[in-house]
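Inside the fold
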Amino acid sequence: MTSQSSESHDGKDAAAIRRSRKTMNITVHFLDDSSHIFQLQAKSLGQVLFEKVCKFLNLLEVDYFGLEYEDDKKSKCWVDALKPLCSQISTSFPTMYFCVKFYTPDPVQLEDEFTKYLFGLQVKKDLAKGHLQCNDNTAAVMISYIVQADFGDYNPEKCSDGSYLSGCKFVPFQDAELEKKVMENHKKIVGQTPAEADLNLLETARRCELYGIKMTPAKDPEGVPLNLAVAHLGVLVFQNFTKINTFSWVKIRKLSFKRKKFLIKLHPEGYI
């Protein structure tokens with residue numbers, strides 16, 4: 001009896017393992033810091049997951065967004081819509097992040113208010129992580145719009161000393177001087193609605209050189225460290241955070257990646 005029970009138990013465990021390999025419980029973190037678990041067949045294409053996420057959010061303008069995750073080498077990757085999830089992800093309980101993938105050069109063209117709201121949240125995260133670098137004056141202007149959208153109008157009775165800003169981390173190197181500048185800007189935008197403040201945030205952010213830039217480490221043929229980024233302008237080349245070259249889309253004939261070599265083939269001069 002003991003032997004039969006053990007075999008039965010082992011059989012159930014094996015069946016459970018097989019089922020777990022066939023499905024994935026994927027935790028997706030959203031831009032407002034909430035999360036949700038999606039269960040899918042492991043062989044489902046990445047597009048299936050992305051569609052489920054967009055449906056969950058009731059998102060209309062889906063083309064601007066994507067799902068990001070870390071691979072085994074801790075490199076950030078986008079979920080490939082045309083490949084099975086099991087071929088991209090090695091664990092049964094992966095974590096992914098819903099975020100802006102394509103930054104529009106003109107936020108006014110965004111039609112849906114919810115899309116603008118999500119873009120605003122992405123810019124807020126980019127600022128907080130130091131990805132959207134700018135001078136203190138520009139940072140103060142953008143933070144004032146974030147504060148207006150999140151907390152409302154400047155209140156002299158509650159905000160006079162700037163301490164209402166100290167509890168939030170808007171940029172990596174936040175200090176009292178920056179908070180003073182934010183407060184002064186916050187005073188000037190009394191009456192703006194959250195939607196207006198979000199749009200003004202995006203209008204200011206898009207003028208920053210590193211707006212929408214996601215750096216990928218690389219090296220030139222001589223082994224000099226570089227960073228590459230893909231943007232609406234084309235393929236950008238940086239040394240640290242200084243842009244040293246731009247290959248515009250109209251000049252690019254072909255892009256290829258083979259054996260760790262990224263090749264850009266350009267049209268001949270005078271093509272355009």
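Residues numbered from 1 in each chain as written. Predicted model: local features only at pLDDT ≥ 70, side-chain atom pairs only at ≥ 80, totals over all residues. Heavy atoms only, no water.

Comments concerning the overall build of the protein chain
- The number of helices and strands found in the protein chain is eight helices and eleven strands.
- Over its C-alpha trace the protein chain gives a radius of gyration of 23 Å, far above what one expects of a compact globule, namely 19 Å for 272 residues.
- If you line up the protein chain on its principal axes, its C-alpha atoms span 80 × 60 × 35 Å.
- Expressed as a percentage of its 272 residues, the buried residues of the protein chain come to 36%.
- Entry remark: accessible area of the protein chain is about 17,100 Å², with carbon and sulfur atoms responsible for 52%.
- Considering the protein chain, the positive charge centre built from 36 side chains and the negative charge centre built from 34 side chains are found 10 Å apart. (Helix = DSSP H or I, 4+ residues; strand = E, 2+ residues; numbered from the N terminus. Rg over C-alpha atoms; globule rule 2.2 N^0.38 Å. Buried < 20%, exposed > 50% of the residue type's maximum accessible area, 1.4 Å probe, protein only. Areas by Shrake-Rupley, 256 points an atom, 1.4 Å probe, with all protein chains shown as cover. Lys, Arg positive; Asp, Glu negative; His and termini not counted. Charge placed at Lys NZ, Arg CZ, Asp CG, Glu CD.)

A few points about helix α5 (residues 136–151)
- Here α5 contains 16 residues, and its C-alpha end-to-end distance of 21 Å stays within 8% of the 22 Å for a straight helix at 1.5 Å per residue.
- Inspection of α5 places Ala139, Ala140, Met142, Ile143, Ser144, Tyr145, Ile146, Val147, Gln148 and Ala149 among the buried residues, and these make up the whole buried set.
- Against the buried residues of α5 lie α4 (113–128), α7 (176–188) and α8 (194–205).
- Looking at where α5 begins, the residue whose side-chain oxygen comes 3.2 Å from the main-chain nitrogen of Asn137 is Asn135.
- A positive backbone phi angle near 90 degrees is found at Gly152, which sits one or two residues after α5. (Expected span 1.5 Å × (residues − 1). Contact = heavy atoms within 4.5 Å. Polar contact = N/O pair within 3.5 Å; in protein donor to acceptor, adjacent residues only side chain to side chain.)

Quick look at a nonpolar patch on the surface
- Residues Val230, Trp249, Leu255, Phe257 and Phe262 make up a contiguous nonpolar surface patch of about 510 Å² in total accessible area.
- Summarising the element assignment, Trp249 is placed in the loop between β9 (242–248) and β10 (252–258). (Patch = residues over 30% accessible without salt bridge, like charges linked within 9 Å, V, L, I, M, F, W, Y side chains within 5 Å. Salt bridge = Lys/Arg side-chain N within 4 Å of Asp/Glu carboxyl O.)

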